[in-house]
Amino acid sequence: MLATVIDNNRIFASISYTWSSLAEQGSTISLRLTETFTSIVVAFILAAIFGIVLGLVIAEVFTLRQMVMPLVIFGYSVPHPVLAPIFIIWFLVFNDVTLFTFTGPSYYLFPEVTAEQATQRVAIDGVTTFGAWTGFFPVFISTITGMNSLEERYQHLGTVLGATRWQMVKYFRFWRALPNIASSLKSTVQLSIIGVIVAEFLASSAGIGYQMVLAWKNAELGYMFGVVLVIMIFSYLFFQIVVWLIEKLTPPGTIS
């Protein structure tokens, strides 16, 4: 409506102008979107694994918790975008870790895209590690909080049954923490998406985030609006997929 009233695509892009701008760059959008969401999946998995494992360890070792938590709070207080170039530089120096490659959907959707152009790397690099860093804190802190929230009656039950420390974690503490972990993974999904796109926007030359930079430099408002719309749609779909997987993999009622 605003675009119709203003009638100036340099100020507010109309739907038709946005769509035509996207259609012109369809193959590029497809390639870069695959790059970005491949990185987001890797970032989310890294954040979830390290967040849960380190949370379990630190929750159980009191001395380690006392030593690490001030550093965690300090690291969380640092504005994350400031660190993106550092992560990129580290992996330029020490090289990326390529897990495997695959032919992306662009090869099958667009005749002009070759198999070589559509080949995507699933890798641990500066972008994915920054995304993992951004998404790490909610699941890490929620794991510790849940592990330390075991009710006293269950503590007493474990003592009466003669449960070892490992058995208390395996049969009591972890399951008490599971609702916290499952809920925090929803935040981790969102923050991993933000982290990856911010890293591409600030310090990378790949992915959908970099397309935003190109659209800005070329003053292509329709393309910029289109990229934002694509990011919103696919971020929502990825979020819903992750929530569905959590609901399927955890006991009923774990996630609300």
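Residues numbered from 1 in each chain as written. Predicted model: local features only at pLDDT ≥ 70, side-chain atom pairs only at ≥ 80, totals over all residues. Heavy atoms only, no water.

## Some points on the environment of Pro251
Condition: Here a strand is any run of E in DSSP of at least two residues, a helix any run of H or I of at least four, and the numbering for each starts at the N terminus. Buried residues are those whose accessible area, probed at 1.4 Å on protein chains only, stays under 20% of the maximum for their type, while exposed residues exceed 50% and partly exposed ones sit between those limits.
Within the secondary structure, Pro251 is located in the segment after helix 12 (221–249). Looking at Pro251, the relative accessible area reads 36%, which means it is partly exposed. Separated by 76 residues in sequence, Pro251 and Trp175 have C-alpha atoms that sit 9.9 Å apart.

## Topic: the nonpolar core
Generally speaking, nonpolar side chains in soluble globular proteins are found buried as a group. Spelled out, the test is: Think of a nonpolar core as a cluster: buried Ala, Val, Leu, Ile, Met, Phe, Trp, Tyr and Cys residues, connected wherever their side-chain atoms sit within 4.5 Å. Should any heavy atoms of two residues lie within 4.5 Å, those residues are counted as being in contact.
Ile29, Leu185, Val189, Ile208, Val227 and Phe238 are the most contacted members of the largest nonpolar core, which has 48 residues in total. Excluding residues within four positions of it along the chain, Leu185 makes contact with Phe44, Ala48, Val139 and Ile246. Counting 5 residues, the second largest nonpolar core, distinct from the first, contains Leu46, Ala47, Val122 and Ala132.

## Observations regarding the side chain of Ser192
As for its placement among the helices and strands, Ser192 is situated in helix 10 (residues 165–203). Its relative accessible area of 0% is what places Ser192 among the buried residues.

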